[in-house]
Amino acid sequence: MDTDLKRESKATRKTKDKITTSPTKRWFRRLYTQRHLQVMALLGVVWMLIFNYIPMYGIIIAFKEFNIVESIADAPWVGWEHFKAFMDDENLPDVIRNTLGISLIKLFIGFPLPIIFALFLNELRSVRFKKAVQTISYLPHFLSWVILGGILTTWLADVGIINNVLMALHLIQEPISYLAEPQYFWTIVITSDIWKELGWSAIIYLAAMAGVSPEMYEAATIDGAGRFQKMWYITLPGIQATIAILFILAVSGVLNSNFDQILVLRNSLNESASNVIDIYVYQTGLLSGRFSYSTAIGLIKSIIALILLVIANQVTKKLNNTSLF
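Now for a look at the structure at hand. Remember, it's a predicted structure, so these values are computed and weren't measured experimentally. (Residues numbered from 1 in each chain as written. Predicted model: local features only at pLDDT ≥ 70, side-chain atom pairs only at ≥ 80, totals over all residues. Heavy atoms only, no water.)

**Overview of the overall build of the chain**
- Counting its regular elements, the chain contains 17 helices and zero strands.
- Its C-alpha atoms give the chain a radius of gyration of 28 Å, clearly above 20 Å, the size a compact globule of 325 residues would have.
- Along the first, second and third principal axes, the C-alpha set of the chain runs to 100 × 70 × 35 Å.
- Each of the 325 residues in the chain was classed as buried or not, and the buried ones make up 31%. (Helix = DSSP H or I, 4+ residues; strand = E, 2+ residues; numbered from the N terminus. Rg over C-alpha atoms; globule rule 2.2 N^0.38 Å. Buried < 20%, exposed > 50% of the residue type's maximum accessible area, 1.4 Å probe, protein only.)

Listed below in structure tokens is the structure:
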């Protein structure tokens, strides 16, 4: 009896402590108990502040006439002059055409392909064969574009493997310098990007498919559903939220044309098809020294990306009640 009374008194005391303790004290107490996790999270916050938020001070360069001799604070204000200059730039139509052309084709072709690949990969019965295919498919992701660019340049050369195979099959009569012809550049960029990222992008969808309940597949099998019916009515709805989130992020990055890839594959002969926003900012900012002008272009690009993100988020939220915020 005494032991029970002591236990009840301790429980009562703890309850009273919780009631009398202020929310602030409880918050600090919980913070202390989770101190190791909080330190890990704090390091991430510090990294984000240093590399993502503090550099945002440099945005004011877009409204000034900055040069490397003067500091940002000493540079004279010019207002919207650089933004107006970009709108009147004779290179603007080609830059926008190349950027949107490459990015939109990548979005409409490159976005659904990993989903289809993951669906068929998920249906493989042989675990060993499935792992082999998955490993081979995502290996190119771990190679930098400097390495892949060298490989593609060799393959697409006049004496490269692509020309040799096509000539052996009598599909072409003489070698073609693919990287020297602007009409082939978009196809090369889009195809190589899909080849590099197909397997890696499918991993996310395969992980989402693993969370679909096996009982639903069993019930569908009993009802006589085939594999394609299970894909369409069970697997796809099961990963719908994942597809929506990744689609929102893909739409927000539609003005990003993979700077590393295009920088490696471009040359003076295909410049008319490879001059995208990121390359133009690099050329005008670092090579020509027009830092304020290139910052203004980058700021316009970021604002448009934010608008696209909000629009895509609202559309997916209304369609399937899935959103980032």
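Still to come is the rest of the account.
**Notes on the packing of helix α16 (residues 277-287) against helix α17 (residues 291-320)**
- Running from N to C, α16 and α17 cross one another at 160°; their axes reach a closest spacing of 8 Å. Considering the angle they form, α16 stands roughly antiparallel to α17. Crossing handedness for the pair α16 and α17: left-handed. The segment α16 lies against α17, with I277, D278, Y280, V281, T284 and G285 engaging F291, Y293, S294, I297, G298 and K301. (Axes fitted to C-alpha atoms, helices over the stretch in contact; angles between N-to-C directions. Parallel < 35°, antiparallel > 145°, perpendicular 65-115°, else oblique. Left-handed = near helix turned anticlockwise from the far one by under 90°. Contact = heavy atoms within 4.5 Å.)

**What about the packing of aromatic side chains?**
- The final tally for this structure, using the stated rule, is 15 aromatic pairs.
- Summarising the aromatic geometry, the rings of W47 and F51 are spaced 5.4 Å apart at their centres and angled 40° between planes, so their arrangement reads as tilted. In this pair, W47 and F51 both sit in helix α3 (residues 35-53), four residues apart, roughly one turn of the helix.
- Plain terms: the ring middles of F111 and F247 are 5.6 Å apart, the flat faces sit at 65° to each other, and that makes the pair edge-to-face. Of this pair, F111 sits in the loop between α5 (92-110) and α6 (112-122) while F247 is found in helix α13 (residues 240-252), placing the two residues 136 residues apart along the sequence.
- Here R290 stacks its cationic end above the ring of Y293, 4.0 Å away from the centre of that ring. (Phe/Tyr/Trp six-rings, centres within 6.5 Å; stacked < 30°, edge-to-face > 60°. Lys NZ or Arg CZ within 6 Å of the ring centre and 35° of its normal.)

**Focus: helix α10 (residues 182-210)**
- With 29 residues, α10 extends 43 Å between its outermost C-alpha atoms, agreeing within 8% with the 42 Å of an ideal straight helix rising 1.5 Å per residue.
- In the structure, α10 departs most strongly from a straight axis at E197, where the bend amounts to approximately 45°. (Expected span 1.5 Å × (residues − 1). Bend = angle between axes of the 7 residues up to and from the residue.)

**A closer look at unusual backbone geometry**
- Not every positive phi belongs to a glycine, and N258 is a case in point at roughly 65°.
- The residue N258 is located in the loop between α13 and α14 (259-265) in this model.
- Positive phi, close to 60°, is recorded for N321, a residue that is not glycine.
- Mapped onto the elements of the fold, N321 is located in the segment after α17.
- What makes N321 exposed here is its relative accessible area of 66%.

**Brief notes about the nonpolar core**
- F111, I115, A118, Y205, M209, I239 and I243 are the most contacted members of the largest nonpolar core, which totals 18 residues.
- When contributions to this core are tallied by element, the ones reaching two or more residues are α6, α10, α13 and α17.
- Among the elements that take part in this core, α10 stands out by supplying five residues, more than any other.
- Ranked by size, the runner-up nonpolar core spans 16 residues in total, among them L179, A273, V276 and I279. (Core = buried A, V, L, I, M, F, W, Y, C linked by side-chain atoms within 4.5 Å.)

**Some details on the pattern of salt bridges**
- Evaluated as defined, the whole model comprises five salt bridges.
- Here D193 and K106 are joined by a salt bridge, their closest N and O atoms 3.9 Å apart. With a gap of 87 residues between them, D193 in helix α10 and K106 in helix α5 connect regions that are remote in the sequence.
- The exposure class of D193 is buried, given its relative accessible area of 15%.
- Among the ionic pairs, E197 bridges to K196, the shortest N-O distance being 3.2 Å.
- For E197, a relative accessible area of 21% gives the class partly exposed. (Salt bridge = Lys/Arg side-chain N within 4 Å of Asp/Glu carboxyl O.)

**Side note on a nonpolar patch on the surface**
- Taken together, the side chains of L42, V45, V46, W47, M48, L49, I50, F51, Y53, I54, M56 and I59 make up a nonpolar region of the molecular surface, amounting to roughly 1200 Å² of accessible area.
- Note that M48 resides in helix α3.
- According to the relative accessible area criterion, M48 is partly exposed, its value standing at 40%. (Patch = residues over 30% accessible without salt bridge, like charges linked within 9 Å, V, L, I, M, F, W, Y side chains within 5 Å. Areas by Shrake-Rupley, 256 points an atom, 1.4 Å probe, with all protein chains shown as cover.)

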